[in-house]
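# Observations on the three-dimensional arrangement
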Amino acid sequence: MYKNASSSILRAASSRSFRSSSLTPSSSSAASPCSLLGQRSFATSSPAFRSLPRWSHCLHSRPSPFGLTSQIRTASPVLDRLQRNFSSMASEHPFKGIFTTLPKPGGGEFGKFYSLPALNDPRIDKLPYSIRILLESAIRNCDNFQVTKEDVEKIIDWEKTAPKQVEIPFKPARVLLQDFTGVPAVVDLACMRDAMNKLGSDSNKINPLVPVDLVIDHSVQVDVARSENAVQANMELEFQRNKERFAFLKWGSTAFQNMLVVPPGSGIVHQVNLEYLGRVVFNTQGVLYPDSVVGTDSHTTMIDGLGVAGWGVGGIEAEATMLGQPMSMVLPGVVGFKLSGKMRNGVTATDLVLTVTQILRKHGVVGKFVEFYGDGMSGLSLADRATIANMSPEYGATMGFFPVDHVTLQYLKLTGRSDETVAMIEAYLRANNMFVDYNEPQQERAYSSYLELNLDNVEPCISGPKRPHDRVPLKEMKADWNSCLDNKVGFKGFAIPKEAQEKVANFSFNGKPAEIKHGSVVIAAITSCTNTSNPSVMLGAGLVAKKACDLGLQVKPWIKTSLAPGSGVVTKYLLKSGLQEYLNQQGFNIVGYGCTTCIGNSGEINESVGVAITENDIVAAAVLSGNRNFEGRVHPLTRANYLASPPLVVAYALAGTVNIDFETEPIGTGKNGKEVFLRDIWPTTEEIAEVVQSSVLPDMFRATYESITKGNPMWNELSVPENTLYSWDPKSTYIHEPPYFKDMTMDPPGPHSVKDAYCLLNFGDSITTDHISPAGNIQKDSPAAKYLMERGVDRKDFNSYGSRRGNDEIMARGTFANIRIVNKLMNGEVGPKTVHIPSGEKLSVFDAAMRYKSSGEDTIILAGAEYGSGSSRDWAAKGPMLQGVKAVIAKSFERIHRSNLVGMGIIPLCFKSGEDADSLGLTGHERYTIHLPTDISEIRPGQDVTVTTDNGKSFTCTVRFDTEVELAYFNHGGILPYVIRNLSKQ
């Protein structure tokens, strides 16, 4: 029912004046764009932009960008060759013959660019649009050292080379961070400066050489809900808890070049990126090229909906990218996903993305790009596309890419990019065959495989109770829920005995009787970047609330309801429409601008509700408009967590349970005594279209993004030192100097052996980064809690693991601290414990790891399929490394997590197809020796190695160092030591 409304979003606009990043090329010749590195500034007629705010990119003088060009993909011999050929490299670009001018229609020129059509190669015409972006980057950055002509040829010959898993370099135009991952990144950069000093080198070489945008959005928690004052109250608590972190980030924005820090309370990073930061095409001192971005949040892919190539990487890899290190990646296959038809009345973008996620998970797209095309594209608004792109991590793809077309250009104008900028973007993309015009005949493109979805077949649905890709059609939800109660414990089961399934837990709430059952909703949250950027579903939720109020329905007071918009624009149109009033009446007051419940920052539920759940072993439910619902993530007491559209979040809150068939059962009884069904409060397409058109106005975008440049009073009052080296406070429990570079020398340590290692943990399938390194609350009896209490921190001030990622002592203790983790060594006992094999003692994982480490024993981890799925969390690799883990042997790895393990010097190994720990008879009580050569020159990407145990077992694994550059990282003990040594040599 929202389809027409979604299209009408495009009529809402703003007139934000924005100028793309200014990058300083190394020379004025055509050769210079091959190493474009640089810094960012804003320019506009608005006074708010004339003077750079204190949190904008720090624009200092800096050394020549060629100072980092020698950070290449192999070892020192190539460094020497690079220096010998420096002069010729700077004066002669291998593709100077296709460096041409892009004229303006009325005279003059937009700038110069590397023309793909000028290569006159018919293979390029068949390339997917996403691969063309990789090709342009390789051509522009080609210096025959970091990027070679052979790399360019690999990409041009994509149809033949992609199936061979060939390696290519890629240099993104910019880096995107959020504060949970941004704090450890800045900590690492500060620590690297210290390491450079100790090695007698120039610490100022540690500076971002591409624009870095850091949006603080992960720290706000829903402490206060159902209150008109919730935003201010939660922000005050946010600053009380995180003042030290925020001051550190503010210091980073002044100490490091090219770093923009957007203060708390501004919005969710991906919505800010979509509405404000995304360039689509850079114009860097007259050189035009496509925008591209890597981010330390896995949902960076949301920008793919804008036609900007972007995806999530580990924090470690992002830091290397900031410092000029090309990303080494396997040239991906591309799945062509054809969309046809139109969505039916009553179906939302959330329903569509959950359907797409299920289809792509079944098809298998890990490590691949997905590119959407077809006649159905014309009916998808930019917001709908961004919703689909956002959930790329949930369907497993590196990107879910929507090439730029007329819908994109319209959105750019409506969100404030100037007419001249949009004209430049269109002219460049058309000239370089990167623009899709559905009014013209479409040339057939080659894809690795093909899928098709008729949008008319999409039906209302939700997803859960424990995984995003477990889609449940709404009409089947009641039956599915009852099956989950019956099923054995697993992704779709809770094993509740039949006689206990109707159990009622009675309790007193604010002096009045209340009750909950299995399936009762205790958290209902409109949250997350996935949905809060889409006006159709946000205003649709408001209309559901209004109709419910009109009919006399009311959400039960013990349900924790909240609304966390992705940007101030949402608040403006909800207020303009008059619908926020009705959301407030149902308890959906705005609680803050950030990720909140979707990342586990749901805050405490009422104590009486929590006691009722715990004492009666109730399977309570949370319903949220998020993208992740892994067990233990949303809240420790909600074992069932369902992803739903914002209107359905309101509907389930009104119903008070997920155990309902909306078709046949009423949500409640109205004030006239009549039963009220979902269909009675569900708005029509026309209603939504009307309110979108009248309420989403152009000046809302302009006003919102002008105001964030001014910061807020609490942020502006933070004082920070001016020195470029950080003064570490040994007493700090938030920011601590990590030990990564302790005793580091200029000589690489070489590959480390793994001999007679103990198994620290033995896992099954789908161990997520939430299991490995939780972001949520610090449990009162955990090693991290003990550490904090020993340092005088009260329990109420523990904050979350995510907020303390700048302190390695806490994060090492928080590794494998998820209360829902299942370790086979514990024989069915759930929780963050393991068996110390030599003694047989049951200990916390951290205590066991430290006992192994103190006795000089190596450890490994056994795991099943999809190890490390979920958020791109660098601490899920840093933590195990600090605990002494040397290798992980799994059936398969999530893409980003495998890269993170390599970046921290941990060996990722895969069992052979059809084998796993169980089939090989491995219990985890053995000792393991990995027969890996000790000379790096004898190791090859993807080679087989033998693993033996002390009880005579032997099996073969594949070493998941996927590229030569990853072997170089391993040789150096990780990616950051590799970068430091290379920089120190210059």
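Note on numbering: residues in each chain are counted from 1, in written sequence order. With the structure being a predicted model, the display of local features is reserved for residues of pLDDT at least 70 and the display and counting of side-chain atom pairs for 80 or more, all residues being used for whole-chain, interface and lining totals. For side-chain calculations, the full set of non-hydrogen atoms in the structure is used, while hydrogens and water are omitted.

In the nomenclature of an unreviewed UniProt entry, the protein is known as Aconitate hydratase of Raphanus sativus. UniProt positions are given in the numbering used here, feature names are shortened, and annotations may be inferred rather than shown by experiment. Turning to the protein, the UniProt record has this under Catalytic activity (unreviewed entry): "citrate = D-threo-isocitrate".

### Looking at the pairing of strand 22 (residues 521–526)
Among the six residues that make up strand 22, six are buried, leaving the element largely enclosed by the rest of the structure. Taken together, the four bridges between strand 22 and strand 24 (residues 621–624) define a ladder with parallel strand orientation. Residue pairing across strands places A525 opposite L624, the latter belonging to strand 24. What makes two strands pair is DSSP finding at least two bridges between them. Only DSSP runs of H or I covering at least 4 residues are called helices, and only runs of E covering at least 2 are called strands; the numbering of each starts at the N terminus. Sheet analysis places strand 22 next to strand 23 (residues 560–563), joined by four bridges and oriented parallel. By the bridge assignment for strand 23, I523 is matched with K560. Per-residue accessibility, obtained with a 1.4 Å probe over protein chains only, is compared with the maximum for each type, and a residue is labelled buried under 20%, exposed over 50%, and partly exposed between these values.

### Topic: the pattern of salt bridges
Salt bridges are defined by distance alone: a side-chain nitrogen of Lys or Arg within 4 Å of a carboxyl oxygen of Asp or Glu. Taken as a whole, this structure holds 46 salt bridges when the rule is applied. Here E687 ties to K547 by a salt bridge, and the two come within 3.1 Å at their closest N and O atoms. Placement of E687 in helix 26 (residues 685–695) and of K547 in helix 20 (residues 535–551) is noted, with a sequence separation of 140 residues between them. Judged by its relative accessible area of 29%, E687 falls in the partly exposed class. One connected set of salt bridges, linked through shared partners, spans D121, R123, E153 and D157.

### Considering the confidence of the model for the protein
Across the chain, each position has a pLDDT score giving the predictor's confidence in that residue, from 0 to 100. Per-residue confidence for the protein gives a mean pLDDT of 88, with 91% of residues at or over 70. Whether two residues are in contact is decided by their heavy atoms, any of which lying within 4.5 Å being enough. Below pLDDT 50 for its whole length, residues 1–90 participates in 283 contacts with residues either more than four positions away or in separate chains.

### Quick word on the sheet that holds strand 8 (residues 259–262)
Pairing is parallel across the open sheet formed by five strands, whose spatial order is 8-7-6-11-12. Every other strand in the sheet has two partners, leaving strand 8 and strand 12 (309–312) as the edge strands with one partner each. The mean angle between the axes of side-by-side strands here comes to 20°, regardless of whether they run parallel or antiparallel. When strand 11 (residues 292–295) meets strand 12, the two strands line up parallel, connected through four bridges. Considered in strand 12, the bridge of S292 is made with A309. Each of strand 6 (174–178), strand 7 (212–215) and strand 8 touches helix 11 (residues 269–277); the most contacted strand, strand 6, lies at about 140° to it. Think of each axis as a best-fit line through the C-alpha atoms, taken over the contacting stretch in the case of a helix, with angles from 0 to 180 degrees between the N-to-C directions.

### Things to note about the packing of aromatic side chains
Any Phe, Tyr or Trp ring, taking Trp's six-membered ring, that has another such ring centre within 6.5 Å forms a pair; planes under 30 degrees apart are called stacked, those over 60 apart edge-to-face, and the others tilted. Taken as a whole and judged by the stated rule, the model has 30 aromatic pairs. For the ring pair W311 and F369, a centre distance of 5.6 Å and an interplane angle of 45° mean the geometry is tilted. Linking W311 in strand 12 with F369 in strand 15 (residues 369–373), this pair joins segments that are 58 residues apart in sequence. An identical accessibility class is assigned to W311 and F369; each is buried. Look at F509 and W558: their rings are 6.3 Å apart centre to centre, the planes differ by 70°, and that puts the pair in the edge-to-face class. Of this pair, F509 sits in strand 20 (residues 504–509) while W558 sits in the loop between helix 20 and strand 23; the two residues are 49 residues apart in sequence, bridging distant segments of the chain. An aromatic cluster of three or more residues is present, and its members are F248, W251, F256, Y726 and W728.

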